[in-house]
Amino acid sequence: MEALFTQAAATAGRRDGTKIEEKKDEAGGFAAFLRRFTKPEHFRLFFRSVTIAATGDLGWKEFSLKDQSHFVIFLNDCFNSLENDMIREPVQHLIGLPMWECLLPERREFELRRTGLKKKWLRLQKQDAKKTPAELEEIKRQRWFLRKLIDRFFAVLEGISGDAEELVDMEKVHYCERFLDFVKDIESLLPTRRFFNTVLDDSHFVVRCMLSGLAQRAEKEGKLFTQLLDMLKFYSHFEINDLTGEAYSDQAFAELHYDRITSLQRAAFKHFPDLKEFAFANVASVDTRESLVLCFSSLSQEMLYTVAAHLHLVPPAEESDGWTPDPLYTRDFLLEMLIWRNERRLSQLDALNIMPLYPTEEILWDENLVPSEFASGDILALPKLNLQYLTMHDYLLRNLNLFRLESTYEIRSDVEDCVSRMRPWSMEDGSVGFGGWARMAQPLVEFSVVEVASPELGVKAPRRVMADFSVQLNVRPEVKFEWENLRKHDVLFLVCVRPTSRVMPKGNRRKDKSVPFVQQHGIKYIRGCEIEGLLDEEGHVIEEGQEKPMYKNNRRTFRVLLDPNQYHADYEHMREQPQESEDIYSSFNIIMRRKPKENNFKAVLETIRDLMNTRCVVPEWLHDIFLGYGDPSQAEISHELMRDRFLPGLDLKDTFLDMAHLRSCFKGLRIECSATDKKLQVPPFRVTLPQPGTEEKRLVVEPYQLPNRGPYPYNKPKLNTVPFTPTQTRAILSGMQPGLTMVVGPPGTGKTDVAVQMISNLYHNFPEQRTLIVTHSNQALNQIFEKIMVLDIEERHLVRLGHGEEALSTEKDFSRYGRVNFILQQRQELLDEVQRLQESINVAGDFSYTCETAGHFFLYQVVARWEAYMSKIKSSKLAEDIAAHFPFKKYFENAPQPVFLGKSYEEDLDIAEGCFRHIKKIFRQLDEYRPVELLHRGRDRVNYLLMKEARIIAMTCTHAALRRTQLVKLGFKYDNVLMEEAGQILEVETFIPLMLQNPLDGHERLKRVILIGDHNQLPPVIKNMAFQKYSNMEQSLFTRFVRLGTPYIELDAQGRARPSLARLYSWRYKNLGDLPHVLKKPEFQLANPGFWFEYQLINVEEFNGVGESEPDPFFFQNLAEAEYVVATYMYMRLQGYPADKISILTTYNGQKHLIRDVLSRRCADNPIFGLPSKVTTVDRFQGQQNEYILLSLVRTKTVGHLRDVRRLVVAMSRARLGLYIFGRLALFKDCFELAPAFSILTQRPNRLQLLPQEQYPPAKPRPVHINQPVDGPPFEIADVSQMSHYVTELYHKRMNLQKKGR
């Protein structure tokens, strides 16, 4: 193999292209394939050989089209991996300015003058003059490589006939599809399209594809080709300056178009008398396709050629008596070329705004857009999420399309499930009957469009389309309740089915998988709609919160809003083709709903579309990195562009537990403390950091004393108790500085503790700033919130948006309305305190009635007494005078006594000032609550709280996407964003929380973006494999930044698991060690009672001759492992292990359901066993942990998706004390990707080793490191049958012992 990558690389191209793909698949993908090249020069030689082979320079006939397809796939992988230094250098030689050598000389001269690159080109020519003939030959090969590749493509494409009756070689079709995908990907990246776009235009690539025979077969063999071609058309005319990367505005792009048309008109006036009418016409009247066809179709082929030559599109005609054109330049070709270049195109934004958001039947079952299955190497008409994007519009558009299609895939599954359950059939009278029922769907009794509002000015689609539908809810009460409680904005789907079968189906599953689902059930149309509300019997919408009336029967009518764009498109189609069309909106016979958690796609799509219609202002320090360009470290505070924002002086509050802790975290710096007395060197600390980019190594530390807050115990500040490591401290300091902070947190390294301390420090250092916390899940958000609540942050400044706050382990309500109630309650409590204070100083009047009257009382009564008191005691300087003259002595009688200690003047003065601070805080809070007192509507109070009072706002990324429009309208503002679980959040769901506010004077207000996650664990969940792998939709923004080389801080000490367990995944990280407590605490030092090992891989052979099974596609199960896992769980319960400390994980949903079934039969009804804490998949358990994990690997034929190392890391890192893995040893031990973990696991016996004499908790604790059992050798379990029999025997023994004990 090594020879292939070294000297034999020169001949590697002679091996067929299939070998490359085989090697890539064997390696586990392109990234793993690259790791086989030990040196960059090996890859350069290999890459050169492939490029020579791909252009046929070794002999075109040596390679089949299949080989050529694999060459193209390999090249596409390379062009999409430019972040890899080894790849970038050889690829750059193919796509730079020198490739313009292959342009027409006249076109090249024109482009060099237009772009100002003439001098650079002349320098290149001078450099070429100094090259040797061999060097020049290699340089020319590189410069002409892509043009030669295009010519090879045309040779194949033109060999496909457009005659639909003629058989076509599908190998040619597949090659053309792959090549088109390759070209489209080059065009979609700025570094590769910069000079290539001109070469592509010079070769007339798009026009030749449009006129090809394959494009004429668009209904069948050429469908994917034409879809890919549409995507290429979009990118070839993308609204961007190819050289500078500057995005054109709509106006600028329109001006470019008009300049092109007017220059053509001037040329027509000057050189082509036959085009005088075109030359004098108004631009807007001649720039459409129809008008251009009228203008140019009358010209002869020779005249068309002359016009094209004048525009430098074709070589100038040779001056001779007879004109003989190149066979390529037919009249149709020349005409289409001129029209394609000059026709007016719909702007990207206009095209977006007329796009329907709901999927229809055409998209739902289009396998090129929404594939059911996906194999490596498949080509699809889908956008891809790359490392780089052309513009913010390109970024958002790709994400919008992919999010829409991923939602479409889920919707299709729901439609198929509902329709198959309802079992439609054609009755004798021609109507549709239903032989079954579905919880999520109902037959329509009636549907009618009730309103079509007039379009807005300049818009073709109606402003609003409203319809009513009726259903007969003769269903169970709980199902009826679900239908009646559909909420406003819930999305439903209207379905028209016309089954051909006249026999009522008996089953609800599709039986004949060879027949497409649409044909089996006769699905004709599907349209989406949005709930406006349930109607009462008088036809009025019942508003939310309004009591529902008593209905006379089970018929219910709902009002819905249809998509105006879709409605307009449908009726335009009916108007244009009246003979072939029917009224779609009178044909629906099924209404389908979806689960609320899965049904927010429309709101997210509308949010993305709104973002594309507004000026998205990404902070200037983040913009280039976001698009994937420039220095990836430029958003870090240490970068020279950010140094003017650096904050040297920071208050670290309670970050450090003591001075020794601080010193241990700054070992590389010289620490100078302003307090020389060691007794005073106690936290809190202020620090002055050395300026980045300088050689200064001095850290100035200033201990200070917190002001006395009052005499009550609750006045004492809450302090951090976590001893942060040096790396955690560096992350906290980075998060306090402006700019981008990225923290990689391996399992158990305290990501949440770091995040919470960052939030606390920002809260105290920048009281005028607001921080937004965003997570992927409610669970993670609640974990952060619960830790924030125990720090020194005022409760009134916290608010939690969205659902999920009910899961907080506190009785306090942190929702918006909960916070309003808290403020109203606290206001009353504070006014009661004002009343008590008023009585204690004997002031008459009703000052505790409102916040305003309380403010007057404070100003004229309280402050006056305090100022008089201070003047007395400062003149006397006697300690006894402080207590004697204190004006609020009676008020503080309920505080711990004595309030004043009488030991010293300074100490008692501090106490007195603390008491007054306590009083001042009461009136300060009442002053802040004044607007809430004046506002009477709950919604107004909520909005005020969100806009003015809250300083720490928490929400999930989904809630941010759903509520962005409302938040922006409210004028929501924030300065800092912290995202936890950033590696699990979709790209666009990470972007939206950065855009929840309007720019401030055209600039983004955002000062800090803190992303905390782990790209080595599982990415966002994408259900469709094609979107996940082909479109790279699983790539989070966090992972993309890591791939781009953005600096990050990787936490390096875990505190979750035993050190021995951590070894199973620590190899994946740079330097992951252990926190001191996992080395010292007894729970980590003692063995698991009843088990000889704290972790073990147990080999599970076939059970009754069966290993894995697949009752449904991808629904993998393994009965032997399920029985073994449940038997081990039962054994643990018999040994005394608490059920809540055990979780059962598996790698497949099918196995999860099987294990649950076995548990329900064996354990659920038996209180001795009960059910474990959780039975779920590894993917679902990410972010969670438990003491003991039983893991089933399921597969016995192929490794499956556990080959993804990220899934392995998650699986290995969930257990704190015990991990027992059940799987087929022979399969997994030889897997290259899993080798580091399985090489450790296989060092131990592969049969379960038990010590049944030990009980939990152990009477005699056994240290985990002892190699020999204390009470004899372990009991070895041979297989699942023995384990099942043994557990049964053990259970009966225990039962007998219990009976005897009674």
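For the structure, check the block above.
A few points on the structure.

Things to note about the overall build of the protein chain
Helix and strand counts for the protein chain stand at 53 helices and 30 strands. At 36 Å, the protein chain has a C-alpha radius of gyration in line with the 34 Å of a compact globule built from 1302 residues. Over its C-alpha atoms, taken along the principal directions, the protein chain stretches across nearly 120 × 85 × 80 Å. Scored against the burial criterion, the 1302 residues of the protein chain give a buried share of 55%. For the protein chain, the proportion of contacts with a sequence separation of at least 24, taken over those separated by at least 6, is 76%. With an accessible surface of roughly 58900 Å², the protein chain has 51% of that area assigned to carbon and sulfur atoms. Of the side chains in the protein chain, 171 bear a positive and 176 a negative charge, and the two mean positions are spaced by 4 Å.

Re empty space enclosed by the protein
What the rule picks out here adds up to five cavities of 30 Å³ or more. The computed volume of the largest cavity comes to approximately 50 Å³. Leu385, Asn399, Leu402, Phe403, Leu986, Glu987, Val988 and Met1033 together form the lining of the largest cavity. With three residues, helix α25 (residues 392–422) is the largest single contributor of residues to the lining of the largest cavity. Among the residues making up the lining of the largest cavity, the classes are represented as six nonpolar, one polar and one charged.

A short note on the pairing of strand β16 (residues 952–956)
The buried count for β16 comes to five of five residues, which makes it a mostly enclosed element. Residue alternation in β16 divides its side chains into two sets, Ile952, Ala954 and Thr956 and Ile953 and Met955, and both sets are buried. When strand β14 (residues 771–775) meets β16, the two strands line up parallel, connected through five bridges. Directly across from Ile773, in β16, lies its bridge partner Ala954. Pairing analysis gives three bridges linking strand β15 (residues 798–800) to β16, with the strands arranged parallel. By the bridge assignment, Leu798 is partnered in β16 with Ile952.

A closer look at the side chain of Glu1034
Structurally, Glu1034 can be placed in the loop between α43 (1025–1030) and α44 (1037–1044). On the basis of relative accessibility, which here comes to 10%, the residue Glu1034 falls in the buried class. At a separation of 3.0 Å, a polar atom in the side chain of Glu1034 contacts the side chain of Arg1206. In this view, Glu1034 contacts Pro1019, Pro1020, Ile1022, Phe1027, Gln1028, Lys1029 and Arg1206; residues no more than four positions away in its chain are not counted.

Details of the sheet that holds strand β9 (residues 649–653)
Taken together, four strands build an open sheet; the order of strands is β9-β11-β12-β10 and the sheet is mixed. Of all the strands in the sheet, the pair left with one neighbour each is β9 and β10 (670–673). For this sheet, the mean inter-axis angle between neighbouring strands, taken without regard to orientation, is 25°. Here strand β11 (residues 685–688) runs beside strand β12 (residues 698–703); their pairing, made up of four bridges, is antiparallel. What sits directly across from Val687, in β12, is Val701.

Some remarks on the side chain of Gln1182
On the secondary structure map, Gln1182 appears in the loop between β26 (1174–1177) and β27 (1186–1192). Judged by relative accessible area, which is 10%, Gln1182 ranks as buried. Only 3.4 Å separates the side chain of Gln1182 from the side chain of Gln984, close enough to count as a polar contact. A polar side-chain atom of Gln1182 sits 3.2 Å from the main-chain amide nitrogen of Leu1018. Among all residues touching Gln1182, those that are not within four sequence positions of it are Gln984, Gln1017, Leu1018, Val1210 and Arg1214.

Rules used throughout
Sequence order as written defines residue numbering, which begins from 1 separately in each chain. Owing to the predicted nature of the model, reporting of local features is limited to residues with pLDDT of at least 70; listing and counting of side-chain atom pairs is limited to 80 or more, with chain, interface and lining totals taken over all residues. As a rule here, side-chain values come from all non-hydrogen atoms in the structure, and water together with hydrogens is ignored. Each helix corresponds to a stretch of at least 4 residues labelled H or I by DSSP, and each strand to a stretch of at least 2 residues labelled E; elements are numbered beginning at the N terminus. Radius of gyration means the value over C-alpha atoms here, while the globule rule gives 2.2 Å times the residue count to the 0.38 power. Think of it in three bands: with a 1.4 Å probe and only protein chains considered, a residue is buried below 20% of the maximum accessible area for its type, exposed above 50%, and partly exposed in between. For this analysis, residues touch if any pair of their heavy atoms sits within 4.5 Å. Only the protein chains shown count as cover for residues, with accessible areas throughout obtained via the Shrake-Rupley method and a probe of 1.4 Å. Two residue types count as positive, namely Lys and Arg, and two as negative, namely Asp and Glu; His and chain ends fall outside the count. Positions of charges follow a simple convention, taking NZ of Lys, CZ of Arg, CG of Asp or CD of Glu. Method remark: on a 1 Å grid restricted to protein atoms, a set of points is classed as a cavity if a 1.4 Å probe fits but cannot get out and as a pocket if it is open with protein on both sides within 12 Å along at least five of seven lines; lining residues have an atom within 4 Å of a point. Grid points are joined across faces, edges and corners, and a volume is the space filled by probe spheres set on the points. All amino acids are sorted into three groups, where Ala, Val, Leu, Ile, Met, Phe, Trp, Tyr, Cys and Pro are nonpolar, Asp, Glu, Lys and Arg are charged, and the leftover types, Gly among them, are polar. At least two bridges found by DSSP between two strands is the condition for calling them paired. Any N or O atom pair separated by 3.5 Å or less is treated as a polar contact, with the protein-specific requirement of one donor-capable and one acceptor-capable atom, and with residues adjacent in sequence counted only for side-chain atom pairs. A fitted line through C-alpha atoms serves as each axis, taken over the contacting stretch for helices, and the angle formed by two N-to-C directions is quoted from 0 to 180°.

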